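# Breakdown of the fold
Take a look at the letters that make up each chain.
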Amino acid sequence: MKVGLFFGSFNPIHMGHLSIAQYILNETEIESVHFVVSPQNPFKEKDELMQAELRLEMVRESISDNPHMKASDIEFNLPLPSYTFQTLEELSKDESPFQYSIVMGSDTLEDLPKWKSVESILDYPIIVFKRKHVFKNPFPDHPNITILDNPILNISSTLIRKMIAEKKEIKYLVRDEIINLLNFN
C-alpha cells in the first residue's frame, strides 16, 4: 500500500490540511494519508504549541469519517524534538507492506536544506503541494520530488490561532469537532 506521511504540528488541524490530503488521494497513487503529529517540531517554540495529545485528538476527530486517512502518534514515542529522519528510520524497522512517501508544503520544501539528515529524507518520494504560486525549489532536478498542481488555499494554523485569540469565528476553517474540542460555541 502506498502511504503518504503528512508530517506536522497540526496546531490546529484545519480544512486546508484536510483538503490537501484528499487532493493527494484523488490525484496521486497514494492510497492512504497518515497525519504524523509532531509533539515538538525543532523549528517551533514549545510554548506556541497546544498540548500534543489535544492536537492528536483533533486530527483523529477530523478524519474519523475517512477510512483513507489515519492519525499517527509514532513521534510521541521518539526523542524530542521530532526529526523526520528519525521517524523514517523507526518506520523502516518494521517489515511493513507500506511504501512511504512524504507529503509537504512548498514552504517546507524551501526550508528542507536546514533539516537534519536531509539526504536520507530525499531517499523517499516527496509530494509537494503548493502553498503559493511562486516558490524556490532548492532541489529543482531531484527525481524524488513531485510538485502538485493543486489549488492554493490560504489557510494556516497561525491564522486560526490568531483568530481564536481575537475571539473571531473559525467555523468553516476547521471541522466542528475541532471547535467542540477547543470548547468554542
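In short, a report on the structure. (Residues numbered from 1 in each chain as written. Predicted model: local features only at pLDDT ≥ 70, side-chain atom pairs only at ≥ 80, totals over all residues. Heavy atoms only, no water.)

Here we come to the packing of aromatic side chains. For the structure shown, the criterion picks out six aromatic pairs. On the basis of an interplanar angle of 65° and a centroid distance of 5.4 Å, the ring pair of phenylalanine 10 and phenylalanine 35 is categorised as edge-to-face. Linking phenylalanine 10 in the loop between strand S1 (2-8) and helix H1 (15-27) with phenylalanine 35 in strand S2 (residues 32-37), this pair joins segments that are 25 residues apart in sequence. Taking the relative accessible area as the measure of exposure, phenylalanine 10 reaches 3% and is therefore buried. The exposure class assigned to phenylalanine 35 is buried, which follows from its relative accessible area of 0%. Both rings, one in phenylalanine 98 and one in tyrosine 100, keep their centres 5.9 Å apart while their planes meet at 65°; by these two values the pair is edge-to-face. Judged by relative accessible area, which is 30%, phenylalanine 98 ranks as partly exposed. (Phe/Tyr/Trp six-rings, centres within 6.5 Å; stacked < 30°, edge-to-face > 60°. Helix = DSSP H or I, 4+ residues; strand = E, 2+ residues; numbered from the N terminus. Buried < 20%, exposed > 50% of the residue type's maximum accessible area, 1.4 Å probe, protein only.)

All chains considered together, the criterion is met by 12 salt bridges. A salt bridge links lysine 93 to glutamate 90, with the nearest nitrogen and oxygen atoms 3.2 Å apart. Separated by three residues within a single helix, lysine 93 and glutamate 90 lie in helix H3 (residues 84-93), roughly one turn from each other. With a relative accessible area of 59%, lysine 93 lands in the exposed category. The partner of glutamate 166 in a salt bridge is lysine 168, with the nearest N and O atoms 3.0 Å apart. It is possible to trace a salt-bridge network through shared partners that takes in Asp65, Arg175 and Glu177. (Salt bridge = Lys/Arg side-chain N within 4 Å of Asp/Glu carboxyl O.)

Here the focus is the sheet that holds strand S5 (residues 126-129). Ordered in space as S3-S2-S1-S4-S5-S6, the six strands form an open sheet in which the pairing is parallel. Taken across any chain shown, the strands that pair with only one partner, and hence form the sheet edges, are strand S3 (69-72) and strand S6 (145-147). In this sheet, neighbouring strand axes are inclined to one another by 25° on average, regardless of whether the strands run parallel or antiparallel. Two strands pair when backbone bridges link them, and strand S4 (residues 99-105) and S5 are joined in this way by four bridges, in the parallel orientation. Its bridge partner being in S5, methionine 104 is matched across the sheet by valine 128. Lying on the sheet, H1 is in contact with S1, S2, S3, S4 and S5; it crosses S2 at an angle near 145°. The sheet contacts of H3 involve S1, S2 and S4, and relative to S1 the element is tilted by about 145°. (Pairing = 2+ DSSP bridges. Axes fitted to C-alpha atoms, helices over the stretch in contact; angles between N-to-C directions. Contact = heavy atoms within 4.5 Å.)

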